[in-house]
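Residues per chain are reported as follows:
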Amino acid sequence: FIRPYHYTTVGDYICSNHPTVIVDGMEADDWMGIEQRKDIDNSIIASRDKDLKTVSGWHYRWACGENQPEVLPHWISEFESKHFFFHQMLIGDSTDNICGCGRRREVMWGGKLCMRRKGIGEKAAISLLSNCRSIQDLYDVVSQCYQNEFGDTWEDAMLENARLLFIGQTPDNLFDWDWIDYTLEKEIINDEVICGTGTEPENNSSGESR
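None of the values given here were measured: they were computed from a predicted structure.

Cut-offs and rules
Residues numbered from 1 in each chain as written. Predicted model: local features only at pLDDT ≥ 70, side-chain atom pairs only at ≥ 80, totals over all residues. Heavy atoms only, no water. 1 Å grid on protein atoms, 1.4 Å probe; cavity = no way out; pocket = protein on both sides within 12 Å on 5 of 7 lines; lining within 4 Å. Points joined across faces, edges and corners; volume = space filled by probe spheres on them. Helix = DSSP H or I, 4+ residues; strand = E, 2+ residues; numbered from the N terminus. Nonpolar A, V, L, I, M, F, W, Y, C, P; charged D, E, K, R; others polar. Phe/Tyr/Trp six-rings, centres within 6.5 Å; stacked < 30°, edge-to-face > 60°. Buried < 20%, exposed > 50% of the residue type's maximum accessible area, 1.4 Å probe, protein only. Patch = residues over 30% accessible without salt bridge, like charges linked within 9 Å, V, L, I, M, F, W, Y side chains within 5 Å. Areas by Shrake-Rupley, 256 points an atom, 1.4 Å probe, with all protein chains shown as cover. Salt bridge = Lys/Arg side-chain N within 4 Å of Asp/Glu carboxyl O. Core = buried A, V, L, I, M, F, W, Y, C linked by side-chain atoms within 4.5 Å. Contact = heavy atoms within 4.5 Å.

(A) Structural context of the layout of surface pockets. One number sums up the size of the largest pocket: a volume of about 530 Å³. Lining the largest pocket are 19 residues, with Ile-14, Cys-15, Thr-20, Val-21 and Ile-22 sitting closest to its centre. Among the secondary structure elements, those contributing two or more residues to the lining of the largest pocket are helix H1 (7-17) and helix H2 (28-38). Tallying contributions element by element places H1 first for the lining of the largest pocket, with seven residues. Residue classes in the lining of the largest pocket are distributed as twelve nonpolar, four polar and three charged.

Given below as structure tokens:
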């Protein structure tokens, strides 16, 4: 891995010309997740990092080229955030080299042997989680998939992937399963999913940008 030539120059420019918090010992997305959870009614995460969809509250995505349009401020409920987290637990994240509920296996690809991930993919994950009405349902489905894939070591594999994917950890405070409220259910009214923890906060779309 080689950093871009102007990596330091761009970083110095941002720090010199914009309000900046330097975070030592954790990634920026973890810091944003921690800060947002402190006051979700009055903060908004502005980022194009899809992993931050695992954090409930207000979100904004700016445009980035023709194929990545702006997404105006929108609310992600606690249930929706955990649904996306468990979705990632199944499919992993190739960008971050996370296998999720799968393993790298030697397969023929392009006429030669190579190591490729074999496991639950996007369509299968959507189908598996489609009927889940509570976070307990999500956990039960995903844990069964891990048992099927990893056998006796499923708990270790599942916790390892959770710690690779969960946003809001620090080096001395790693994710554990008791961080999650399993009683939360999604509520469906007239075929629309409503925030499981109540109604969305009003008039907060211009909250503090992080």
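Next comes the rest of the description.
(B) Just the packing of aromatic side chains, in detail. The final tally for this structure, using the stated rule, is 13 aromatic pairs. Ring centres of Phe-86 and Trp-177 lie 6.3 Å apart, and the angle between their planes is 10 degrees; this geometry places the pair in the stacked category. Pair noted here: Phe-86 is in helix H3 (residues 78-91) and Trp-177 is in the loop between helix H6 (154-165) and strand S6 (187-189), with a separation of 91 residues, a long-range link. The pair Phe-86 / Trp-177 is uniform in exposure class, with both members buried.

(C) Layout of a nonpolar patch on the surface. A surface patch of nonpolar side chains, amounting to about 300 Å² of accessible area, comprises Val-10, Tyr-13 and Ile-14. Within the secondary structure, Ile-14 sits in helix H1. Taking the relative accessible area as the measure of exposure, Ile-14 reaches 42% and is therefore partly exposed.

(D) Inspection of the nonpolar core at higher detail. Ranked by size, the top nonpolar core spans 29 residues in total, and within it Phe-85, Phe-86, Met-89, Tyr-146 and Trp-177 carry the most contacts. Contributing elements (two or more residues each) for this core: H3, helix H4 (122-129), helix H5 (135-150) and H6. Beyond its immediate sequence surroundings of up to four residues, Trp-177 is in contact with Phe-85, Phe-86, Met-89, Tyr-139, Met-158, Leu-159, Ala-162 and Tyr-182. Listed in part, the five residues of the second largest apolar core include Met-32, Ile-45, Val-55 and Ile-167.

As far as function goes, none of this settles anything; it's purely spatial.
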